[in-house]
Amino acid sequence: SYSDLSVEPVAFECVCMMPPGHPLAERGTLTPEDLDGVPFVSILRDHMTYPQISAAVLGCNARWNVVAEVQYFVTAAEMIARGTGVGLVDPITARGFAARAEFRPFSPAVTYEFGLITASSGEMSISATNFLAMLREELAALSAWSAARA
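Please read these numbers as outputs of a predicted model, since none were measured by experiment. (Residues numbered from 1 in each chain as written. Predicted model: local features only at pLDDT ≥ 70, side-chain atom pairs only at ≥ 80, totals over all residues. Heavy atoms only, no water.)

Asks: When you look at the nonpolar core in this model, what are you seeing that I'm missing?
Replies: Across soluble globular proteins, you tend to see nonpolar side chains buried next to one another. Counting residues in each nonpolar core, the largest one holds 43 residues, and the members touching the most others are Met17, Ile53, Leu88, Val89 and Phe103. Looking at this core element by element, the count peaks at five residues for helix 2 (residues 73-81). Once residues lying within four places of it in the same chain are set aside, the contact partners of Phe103 are Val15, Cys16, Met17, Ala94, Phe97, Ala98 and Trp145. (Core = buried A, V, L, I, M, F, W, Y, C linked by side-chain atoms within 4.5 Å. Buried < 20%, exposed > 50% of the residue type's maximum accessible area, 1.4 Å probe, protein only. Helix = DSSP H or I, 4+ residues; strand = E, 2+ residues; numbered from the N terminus. Contact = heavy atoms within 4.5 Å.)

Asks: Can you walk me through helix 2 in this structure?
Replies: Residues three or four positions apart in an α-helix share a direction because the helix packs 3.6 residues into each turn. Burial in helix 2 covers these residues: Phe73, Ala76, Ala77, Ile80 and Ala81. The buried residues of helix 2 all sit within an arc of 130° when viewed along its axis, so they share a single face. Among the structural elements, strand 2 (15-18), strand 3 (39-43), strand 4 (65-70), strand 5 (87-89), helix 3 (91-96) and strand 7 (111-119) are those in contact with the buried residues of helix 2. In the segment just after helix 2, Gly83 is the residue with positive phi, at about 95°. (Arc of directions from axis to C-beta.)

Asks: Help me understand helix 4 (residues 126-148) in this model?
Replies: In this model helix 4 runs 33 Å from its N-terminal to its C-terminal C-alpha over 23 residues, within 8% of the 33 Å that 1.5 Å per residue would give. Of all the positions in helix 4, only Leu132, Leu139, Leu142, Trp145 and Ser146 are classed as buried. The elements touched by buried residues of helix 4 are strand 1 (5-13), strand 2, helix 3, strand 6 (102-105) and strand 7. (Expected span 1.5 Å × (residues − 1).)

Asks: Could you clarify how one ought to interpret the pattern of salt bridges in this entry?
Replies: If the charged atoms of two oppositely charged side chains come close together, the side chains can form a pair. Scanning the entire structure with this criterion turns up eight salt bridges. The closest approach of N and O atoms between Glu8 and Arg136, which form a salt bridge, is 2.6 Å. A residue pair is termed long-range when its members are at least 10 positions apart, and Glu8 in strand 1 and Arg136 in helix 4 qualify at 128 residues. A salt bridge links Asp34 to Arg27; the nearest nitrogen and oxygen atoms lie 2.4 Å apart. Overall, the relative accessible area of 43% leaves Arg27 in the partly exposed class. In the salt-bridge network here, residues are joined through shared partners; they are Glu78, Arg82 and Arg100. (Salt bridge = Lys/Arg side-chain N within 4 Å of Asp/Glu carboxyl O.)

Dropping the structure here:
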């Protein structure tokens, strides 16, 4: 049952990713208006971030020029790094493409959320405890990496 589980929520703001040298890289925080007509690699409609992205772009009457729809952020990131367009990706994926692309904050924020789920009773194994400690350190480092791009 769910009462036997403990959930530690984790949330990150997505960043706008673009290929190196893209004109939008000259700007600071990007908005939906900045993306008007720009080729955009979108995540699929059933992804948790899609409603936020769609509401942001369509809510300001910007022309959303979707050139590809993909299931995973890593697929979008690879296409963006190869020059297909720009897009919003989570910072976990973005960090892996730091040498191949540029990133800017996006407003309004598009939040990517997940949870670290553990048993609420009993002790975890030493391996699980060490893994969670290492994961939390990496998530903190990711937050610092993401904040440095804001």
